[in-house]
Amino acid sequence: MLDKTLWFRGTSNATALATRFGARLFEMLGSLRAKPDAPAPSPRYDTVLLKALLIHGAAWAEAGDRLRGIFKQEVGGRKIKEFIGRFLGYGLVDPERVLGCTERRATLLGFGTLTNGEAHAFALPLPSDLSGKSGLRRLTVTLAWLTPVAAHQQRYRKAQSCTSLLRQSHYATKLSR
Amino acid sequence: MNNADRLPLLLFQEPVPTPKARGFGGGSKFNPRSSEEVAGYLGPKLTRLEQVLEAERIRVQATGTGIEPEMALVIELATDVGQDPVVSRDQ
């Protein structure tokens with residue numbers, strides 16, 4: 001009978017946990033495709049969607065606050081984020097944030113293929129219930145991409161991508177490459 | 001949270017092609033150095049490299065015995081040198 005619990009930390013443990021979470025996400029993507037009327041992503045986007053979903057729910061939380069308190073005496077601004085990132089990566093993953101939506105939180109998937117110089121705008125209509133009401137809302141955008149590799153370059157990629165938020169008649173996320 | 005409490009993820013509509021936004025980040029503008037500057041910091045290194053190579057002037061041997069792998073250049077010949085002696089030191 002197992003009567004002891006030992007706690008470990010490290011990348012070996014994290015790899016196993018992340019792989020398991022990835023498998024659950026993979027099943028979730030499959031269930032999206034099973035819906036007859038859904039414009040679900042083709043399996044060719046599974047890899048990049050899993051990359052995005054694995055980290056989308058991650059947060060630095062309390063550990064980030066602590067490190068921020070330490071680093072702010074030395075550095076500031078974007079440098080602090082870089083420093084904290086080196087210790088915590090994307091942070092603690094919360095699977096529930098990406099395995100489904102709740103009545104108070106919607107997670108949307110967008111995907112596509114870009115060639116050099118192209119951009120895609122994804123429209124995010126605000127629910128009418130939120131229209132005209134002031135209150136705290138949070139928008140988290142996670143971008144993942146796959147690029148052809150450039151084996152002769154240290155950074156090993158041929159392209160990069162970025163997002164920007166457009167304020168029009170609605171919010172739109174624009175992905176550029 | 002139970003599976004039953006979860007609502008399925010939503011999907012964006014098809015994205016609309018749009019002009020590319022100006023990116024941020026990336027490196028600063030590349031400012032090439034003059035040949036004098038490059039010669040200034042690379043020259044001594046090249047001189048040293050040349051000295052090292054001169055000190056270990058090329059030796060040809062048929063077997064790999066006793067040579068350091070870092071110093072070896074293996075040349076595989078398609079034919080017997082004795083039969084086709086066109087190799088010239090000047091080339």
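Residues numbered from 1 in each chain as written. Chains lettered and ligands numbered in written order. Predicted model: local features only at pLDDT ≥ 70, side-chain atom pairs only at ≥ 80, totals over all residues.

Let us look at the overall build of chain A. Within chain A one finds five helices and four strands. Starting at the N terminus and ending at the C terminus, chain A contains elements arranged as α-α-α-α-α-β-β-β-β. Among the 177 residues that make up chain A, the fraction classed as buried is 11%. (Helix = DSSP H or I, 4+ residues; strand = E, 2+ residues; numbered from the N terminus. Buried ≥ 20, exposed ≤ 12 C-beta atoms within 10 Å, placed from the backbone.)

As a further point, take the environment of V60(B). Of note, V60(B) is situated in the segment after α1 (35-55). Sequence spacing of V60(B) and V74(B) is 14 residues, and the spatial spacing of their C-alpha atoms is 9.7 Å.

This paragraph deals with helix α1 (residues 11-34) of chain A. Its 24 residues give α1(A) an end-to-end C-alpha distance of 34 Å, which sits within 8% of 34 Å, the value for a rise of 1.5 Å per residue. Counting buried residues in α1(A) gives one out of 24 residues, a small share hidden from the surface. (Expected span 1.5 Å × (residues − 1).)

With 18 residues of chain B at the interface, the matching set in chain A holds 26 residues. The set of elements that each furnish at least two residues to the side of chain B that touches chain A consists of β1 (10-11) and β2 (16-18) of chain B. For the side of chain B that touches chain A, the element with the most residues is β2(B), which contributes three residues. Per-class residue counts for the side of chain B that touches chain A are 13 nonpolar, three polar and two charged. Examined bridge by bridge, strand β2 (residues 119-124) of chain A and β2(B) share three bridges and lie antiparallel to one another. Looking at the pairing, A121(A) lines up with V16(B) of β2(B). (Contact = placed C-beta atoms within 7 Å. Nonpolar A, V, L, I, M, F, W, Y, C, P; charged D, E, K, R; others polar. Pairing = 2+ DSSP bridges.)

What follows is about the confidence of the model for chain A. Of the residues in chain A, 93% have a pLDDT of 70 or more, and the chain-wide mean is 85. Within chain A, the lowest mean pLDDT, 52, falls on strand β4 (residues 171-176) of chain A, and the highest, 94, falls on helix α2 (residues 46-56) of chain A. (pLDDT = per-residue confidence, 0-100.)

Now for the nonpolar core. Residue and element names in this part refer to chain A. Judged by nonpolar contacts, L25, L49, L53, L54, V93, V98, L99 and F111 together constitute the single largest core of eight residues. At the level of secondary structure, the elements contributing two or more residues to this core comprise α2 and α5 (96-99). The biggest single contributor to this core is α2, with three residues. (Core = buried A, V, L, I, M, F, W, Y, C linked by C-beta atoms within 7 Å.)

With that settled, the discussion passes to the packing of helix α3 (residues 61-71) of chain A against helix α4 (residues 78-88) of chain A. All names here are of chain A. With their axes 10 Å apart at the nearest point, α3 and α4 run at an angle of 130° to one another. Classified by the angle between their axes, α3 and α4 sit oblique to one another. Regarding α3 and α4, the two cross each other, and that crossing is right-handed. Contact residues: α3 offers A63, G64, L67, R68 and F71, while α4 offers I80, F83, I84, F87 and L88. Partitioned by chemical class, the residues of the contact of α3 with α4 number eight nonpolar, one polar and one charged. (Axes fitted to C-alpha atoms, helices over the stretch in contact; angles between N-to-C directions. Parallel < 35°, antiparallel > 145°, perpendicular 65-115°, else oblique. Left-handed = near helix turned anticlockwise from the far one by under 90°.)

This part is about unusual backbone geometry. The phi dihedral of A61(A) is positive, around 50°, even though this residue is not glycine. Note that A61(A) resides in helix α3.

When two helices pack together, their arrangement is captured by the angle between the axes and the distance separating the axes. Residues and elements named next belong to chain A. In contact at an axis separation of 10 Å, α1 and α2 are set at 120° when each is read in the N-to-C sense. For the element pair α1 / α2, the angle class is oblique. When you trace α1 past α2, the crossing you get is right-handed. For the pair formed by α1 and α2, the contact residues are A18, F21, G22, L25, F26 and L29 on the first element and D46, L49, L50, L53 and L54 on the second. For the contact of α1 with α2, the class distribution of residues is nine nonpolar, one polar and one charged.

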